[in-house]
Structure formats: structure tokens, C-alpha cells
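Listed below, chain by chain, are the residues.
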Amino acid sequence: MRERNSGITDYDFPRLYLKGEESREHAIVYRRAGSYKILRGPPVTGDEGESYGLVPYEAGWSLAIEPLEASVTRGMLVVVPWHDWKGLLVDEGSSISILEVRGYQPILTTREGDHVGVGEVIAYVLTGKGETRTVRTSVGGVVLYISWRRVEEEIYNVVVVDEGSVIELKRLS
């Protein structure tokens, strides 16, 4: 296991917490303070924070994203290790943009928590003809969530939310 200079390891991945979800681990969000903390066990009642339950990251696409309406269906908190465990909080009903990256060998150049501008390169894709294509954003904002699936080729759905719709939270120890 190789440790990177930021203190994260190769085994640290984003974590997804959904509002109203029951799990063995919860994130308690303190909006006024701009922070969150992680608790093991059932959610704490009477706490002034909002409880978000941990779910498998890959399930976020079906549990919290409505692709046809381009919106978030449940409040979600994405915790990003490579940005000092910053939490990205988005409320139910928030509008999103979904950028599809599709090809035989896509290489993403952006990750969750990154700020992207219109026209910025987010991926390179190897096509079936062996050509390399550049994928650029058509919108600006914060990369909230990235899903992956494989059909005949790999498909990444890069979910971008407007900077005004996301609340960035600091992690409490």
C-alpha cells in the first residue's frame, strides 16, 4: 500500500452518504458550522445535525440521481479523501449536469471535488479505431459524483453541480 504525500492511500475512495438512509455508519452534518462528523452505529437522535447514512458508492446512481430530470432525488453527501476529506453536500431537488464519457479506454483527468470550467478537458478516450479523443465540459461547476458501468465499452457519468448548489463541509475529528 503506497501512501501519497497528502496522507491518503491507494485504498481511500470517495464515500457516499444519503439523507434518511439507515446504516451502521452515519455522517452528521452541521450546516451552520460548515462541517460534518462520522459516527459508527445508529444515528444520534436529538443532535442538532442532519443524519446521512452510508451506502455503497456505486448505488448512488440509482438511489440519488434522476438522469431524465437531471436532478438529485435525495440529499447526498460525498466525502472526498483527496481534498482533505472535504464533504460535498447537495440537497434533494438540486439540478445537475451529466457528462457522459464513453469509449474503450477512457482516462478521466478530473475527480470528485474538482472545480471545472466550460470547455475544460475532463477525459481522454481511446476509440474503437484506436484514435484518442478529448472530452471537454459543456458546463462549469463542481464534480459531485462519478458513476461507472460497462456495456460493450466503458461508460462514466460525470455529475457536475453548479457551485451555488453545493455546500463544501470540513470534517470534524
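A.B. asks: Explain the overall build of the protein to me, please; I cannot follow it from the model alone.
C.D. replies: Within the protein, the regular secondary structure consists of 1 helix and 16 strands. In terms of C-alpha radius of gyration, the protein reaches 17 Å, essentially the compact-globule figure of 16 Å for 173 residues. Overall, the protein is about 60 × 40 × 30 Å in size when its C-alpha atoms are taken along their principal axes. Counting every position in the protein, which comprises 173 residues, the buried fraction comes to 44%. A separation of at least 24 residues holds for 55% of the contacts in the protein among residues at least 6 apart in sequence. Entry remark: accessible area of the protein is about 9600 Å², with carbon and sulfur atoms responsible for 48%. Of note, the protein has its 20 positive side-chain charges centred 3 Å away from the centre of its 26 negative side-chain charges.

A.B. asks: Where do I start with the nonpolar core in this structure?
C.D. replies: Here is a general trend for soluble globular proteins: nonpolar side chains tend to be buried in one another's company. Ranked by internal contacts, the top residues of the largest apolar core, which has 20 residues, are Leu16, Met76, Val78 and Leu144. Listing elements by their share of this core, those giving two or more residues are strand 1 (15–19), strand 7 (76–80), strand 8 (86–90), strand 14 (141–150) and strand 15 (154–161). Core analysis: the second largest hydrophobic core is formed by 12 residues, Leu99, Val135, Ile146 and Tyr156 among them.

A.B. asks: What should I look at first to understand the environment of Trp85 in this one?
C.D. replies: If you trace the backbone, Trp85 turns up in the loop between strand 7 and strand 8. Residue class for Trp85 comes out partly exposed when judged on its relative accessible area of 22%. Taking the C-alpha atoms as reference points, Trp85 and Pro14, 71 residues apart in sequence, are found 8.7 Å from one another.

A.B. asks: I tried to follow the sheet that holds strand 11 (residues 115–116) on my own but got confused; where do I start?
C.D. replies: Reading across from one edge, 9-15-14-11 is the order of the 4 strands in this open sheet, with antiparallel pairing throughout. Edge positions in the sheet fall to strand 9 (96–103) and strand 11, since each has one partner strand and no second. Where strand 11 lies against strand 14, 2 bridges are found, and the strand directions are antiparallel. Its bridge partner lying in strand 14, His115 is registered against Val142.

A.B. asks: Honestly, the pattern of salt bridges in this entry has me stumped. Any pointers?
C.D. replies: Proximity of charged atoms lets side chains of opposite charge pair with each other. Overall, the coordinates contain 10 salt bridges when judged by the stated rule. The residue Arg31 makes a salt bridge to Glu50 at a minimum N-O spacing of 2.3 Å. Remark: Glu50 occurs in strand 4 (residues 50–55) and Arg31 occurs in the loop between strand 2 (25–30) and strand 3 (35–40); sequence separation between them is 19 residues. Exposure remark for Arg31: the relative accessible area of 32% places this residue in the partly exposed category. Take Glu50: its relative accessible area is 18%, and that puts it in the buried class. One network of salt bridges, with partners in common, ties together Lys19, Arg31, Glu50 and Asp91.

A.B. asks: What exactly am I supposed to notice about the packing of aromatic side chains here?
C.D. replies: When we look at a pair of aromatic rings, we describe it by the centre distance and by the angle of the planes. The tally for this structure, following the rule as stated, stands at 1 aromatic pair. For the pair Tyr57 and Tyr145, a centre-to-centre distance of 4.7 Å together with 40 degrees between the ring planes defines the contact as tilted. One end of the pair, Tyr57, is in the loop between strand 4 and helix 1 (60–64); the other, Tyr145, is in strand 14, with 88 residues separating them in the sequence. On the accessibility criterion, Tyr145 (0% relative accessible area) is buried. Of note, Arg171 hangs over the ring of Trp85, and the distance from its end group to the ring centre comes to 5.4 Å.

Calculation rules
Residues numbered from 1 in each chain as written. Predicted model: local features only at pLDDT ≥ 70, side-chain atom pairs only at ≥ 80, totals over all residues. Heavy atoms only, no water. Helix = DSSP H or I, 4+ residues; strand = E, 2+ residues; numbered from the N terminus. Rg over C-alpha atoms; globule rule 2.2 N^0.38 Å. Buried < 20%, exposed > 50% of the residue type's maximum accessible area, 1.4 Å probe, protein only. Contact = heavy atoms within 4.5 Å. Areas by Shrake-Rupley, 256 points an atom, 1.4 Å probe, with all protein chains shown as cover. Lys, Arg positive; Asp, Glu negative; His and termini not counted. Charge placed at Lys NZ, Arg CZ, Asp CG, Glu CD. Core = buried A, V, L, I, M, F, W, Y, C linked by side-chain atoms within 4.5 Å. Pairing = 2+ DSSP bridges. Salt bridge = Lys/Arg side-chain N within 4 Å of Asp/Glu carboxyl O. Phe/Tyr/Trp six-rings, centres within 6.5 Å; stacked < 30°, edge-to-face > 60°. Lys NZ or Arg CZ within 6 Å of the ring centre and 35° of its normal.

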